[in-house]
Amino acid sequence: MKKKHHKKKVSFTKKWSAKLHLWFGLSVGLIVFIVSLTGTLYVFKDEVQNSLRKEAIYVKNGTPETKPLSINLLREKVSLELNEKYPITSVEIPLDKNKSYRFQYYEKNKKGWNYFQEVLINKQVYVNQYTGEILAVYNEKYDFFNILKYIHWGLLLNSDWGKYVVGIPTVLFIFMLITGIILWWPKNKNARKGRLWFSWENVKTWKRKNYDLHNILGFYASFIALLLSLTGIYFAYPYVKNTFNLALSGSMELPKEKEMKSPDSLMVKNEAIFDLAASQTEKLYAGSSSFRISLNGKNKKGKELKNLPVTIYGQEGRFSERNLLTFDKYSGKLLANKPHHKLNNAEKYANANYDIHTGSYFGLFGKILWFIAGLICTSLPVTGFLIWWGKRKKKGKNI
């Protein structure tokens, strides 16, 4: 007589985890694939661009003794030569005297329904600050990495609502990661050993190998993937940001910038305002990487600035260590100095979230690790779909 094989009872938690994992995977798998792939390719953007733009980044005749031309004069030279209908937005000035200034044109149309209609202009102009020579002009609007970034953020849709098109699948992906860990987790230590690494000595079918790729690689990448997802929805949803703020600093909102006024504001505007601000910034933060000065008197949302802000970046390629100086926009008088170490925890995290999301916060090692995790995340919708398709075909044969 043949022995009857009794099927093992599946727990309620694992049963529903399997259903949710499948339903969410089939519904948002394609978007997860696209977002994961574009994010992975974007990781080494700085390294690639710095290599390709080496001739534009470095100037040949820069020495500590050489004085650069005034920012106003350089701005005028760029404006005349490029003859754009939009004004120059800002300039980024490196503390390394051998590196060129970088002027930026950036203008948005909020009514544009897609990326190409929304971003009217986004150009980077590298200028030799000692001669005024334009070294290179890069149209960032059509740059490969910039397009990757906007696909990653909102599938090239308007940034105001495109982020939700990506944000909702990202939330579902978080549930997929959690249910995936629940499904992976074995009942005992002996079973766990077989799920930590591949054991393909006697395995010949591609289905089993594909299952192991999804199961084992998914487990190892899941913890970094959770971090990537949480830092991603931090950008998309205000309530996520507020939750982080509350947990880190006890308040749901970041401290608002106080309105500062100076008696000097009544004076006639000093034509050397930008040079004065640059000179003071270099003295106060001599050990920094670079600083950015707003030149059009507007913030990112297009509202007029009441003062002149200067953002200082502590390390090249990172935004987490940021200092802020505020100058009177007429006289150039320093009104406020807000160094990184005086920020509260929520403010520090707000500055660091982008670096954590891209892996740059952890240096080159972090970028490599994030890149590998990104490749695995890209593969998960593919291997997961093949598992489902294989089972579906098997059921079809039995009928």
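Look a little higher up for the structure.
Quick notes on the rules
Residues numbered from 1 in each chain as written. Predicted model: local features only at pLDDT ≥ 70, side-chain atom pairs only at ≥ 80, totals over all residues. Heavy atoms only, no water. Pairing = 2+ DSSP bridges. Helix = DSSP H or I, 4+ residues; strand = E, 2+ residues; numbered from the N terminus. Axes fitted to C-alpha atoms, helices over the stretch in contact; angles between N-to-C directions. Phe/Tyr/Trp six-rings, centres within 6.5 Å; stacked < 30°, edge-to-face > 60°. Lys NZ or Arg CZ within 6 Å of the ring centre and 35° of its normal. Core = buried A, V, L, I, M, F, W, Y, C linked by side-chain atoms within 4.5 Å. Buried < 20%, exposed > 50% of the residue type's maximum accessible area, 1.4 Å probe, protein only. Contact = heavy atoms within 4.5 Å. Polar contact = N/O pair within 3.5 Å; in protein donor to acceptor, adjacent residues only side chain to side chain. Bend = angle between axes of the 7 residues up to and from the residue. Patch = residues over 30% accessible without salt bridge, like charges linked within 9 Å, V, L, I, M, F, W, Y side chains within 5 Å. Areas by Shrake-Rupley, 256 points an atom, 1.4 Å probe, with all protein chains shown as cover. Salt bridge = Lys/Arg side-chain N within 4 Å of Asp/Glu carboxyl O.

J.: Any chance you could explain the pairing of strand β4 (residues 134-139) here in plain terms?
T.: The two faces of a sheet get side chains in turn, since along a regular strand they alternate between them. Across 5 bridges, the pairing between strand β3 (residues 119-127) and β4 is antiparallel. By the bridge assignment for β4, Y126 is matched with A136. As consecutive antiparallel partners, β3 and β4 are separated by 6 residues, and within that stretch G132 has a phi angle of approximately 85 degrees, a positive value.

J.: Teacher, can you tell me more about the sheet that holds β3 here?
T.: Paired through their backbone hydrogen bonds, the strands of a sheet run either parallel or antiparallel. The sheet built from 8 strands is open, its strands ordered β4-β3-β2-β1-β5-β6-β7-β8 with antiparallel pairing. Looking at which strands have only one partner, the edges of the open sheet turn out to be β4 and β8 (334-338). For this sheet the average axis-to-axis angle between neighbouring strands, irrespective of direction, equals 20 degrees.

J.: Which parts of the structure should I look at to understand the packing of aromatic side chains?
T.: Given two aromatic rings, their pairing is described by the distance between the two centres and the angle made by the two planes. Within this structure, the stated rule accounts for 27 aromatic pairs. Here the aromatic cluster, defined as three or more aromatic residues joined through ring pairs, consists of Y115, F116, Y142, Y150 and W153. Its end group placed over the ring of W16, K19 keeps NZ or CZ at 4.7 Å from the ring centre. Above the face of the Y361 ring, R318 is positioned so that its terminal group lies 5.0 Å from the ring centre.

J.: Please explain the nonpolar core as it appears in this structure.
T.: What tends to happen in soluble globular proteins is that the nonpolar side chains get buried as a cluster. Residues I71, V78, F103 and I293 are the most contacted members of the largest nonpolar core, which totals 28 residues. The residues touching F103, leaving out its near neighbours within four places in the chain, are I71, L74, R75, V78, I88, S90, V91, K123, Q124, V125, V127 and L295.

J.: Mind showing me how you'd approach the environment of K329 here?
T.: Mapped onto the elements, K329 comes out in the loop between β7 (322-327) and β8. A polar atom in the side chain of K329 sits 2.9 Å from the backbone oxygen of L305.

J.: Can you help me understand helix α1 (residues 12-42) in this one?
T.: Side chains that are three or four residues apart share a direction in an α-helix, a result of its 3.6 residues per turn. At V28, α1 shows its maximal kink, close to 65 degrees. Among the residues of α1, those classed as buried are S17, H21, F24, V28, G29, V32, V35, S36, T38, G39, T40 and Y42.

J.: Please explain the pairing of β7 as it appears in this structure.
T.: For strand β6 (residues 308-313) and β7, the ladder comprises 6 bridges, and the chain directions are antiparallel. From the neighbouring strand, I312 faces β7, where its bridge partner is N323. Judged from the 4 bridges that link them, β7 and β8 form a sheet pairing that is antiparallel. Within the sheet, the bridge partner assigned to L324 lies in β8 and is K338.

J.: Would you mind going over unusual backbone geometry with me for this structure?
T.: Excluding glycine, most residues fall at negative phi; most peptide bonds, likewise, are trans. One non-glycine residue, N83, lies in the positive phi region at around 50 degrees. Tracing the backbone through its elements, the reader meets N83 in the loop between α4 (71-82) and β1 (90-94). Despite not being glycine, L155 shows a phi value in the positive range, around 55 degrees. Position of L155 relative to the elements: it lies in the loop between α6 (144-154) and α7 (159-184). A residue is classified by how much of its surface remains accessible, and L155, at 25% relative accessible area, is partly exposed.

J.: I keep staring at the side chain of S331 and nothing clicks. Help me out?
T.: The topology assignment puts S331 in the loop between β7 and β8. The class of S331 is buried, set by a relative accessible area of 14%. At a separation of 3.2 Å, a polar atom in the side chain of S331 contacts the main-chain amide nitrogen of K333.

J.: What is the right way to look at the environment of A247 in this model?
T.: Within the element layout of this structure, A247 appears in helix α10 (residues 238-249). The class of A247 is exposed, set by a relative accessible area of 68%. Sequence separation between A247 and N345 is 98 residues; the distance between their C-alpha atoms is 9.4 Å.

J.: Please clarify how a nonpolar patch on the surface should be interpreted in this entry.
T.: On the surface, F12, W16, L22, W23, L26, W206, V382, F385, L386 and W389 cluster together to form a nonpolar patch covering roughly 1,000 Å² of accessible area. Within the residue set of the nonpolar patch, elements represented by two or more residues are α1 and α13 (363-398). Residue position: W389 is located in helix α13. Given a relative accessible area of 36%, W389 falls into the partly exposed group.

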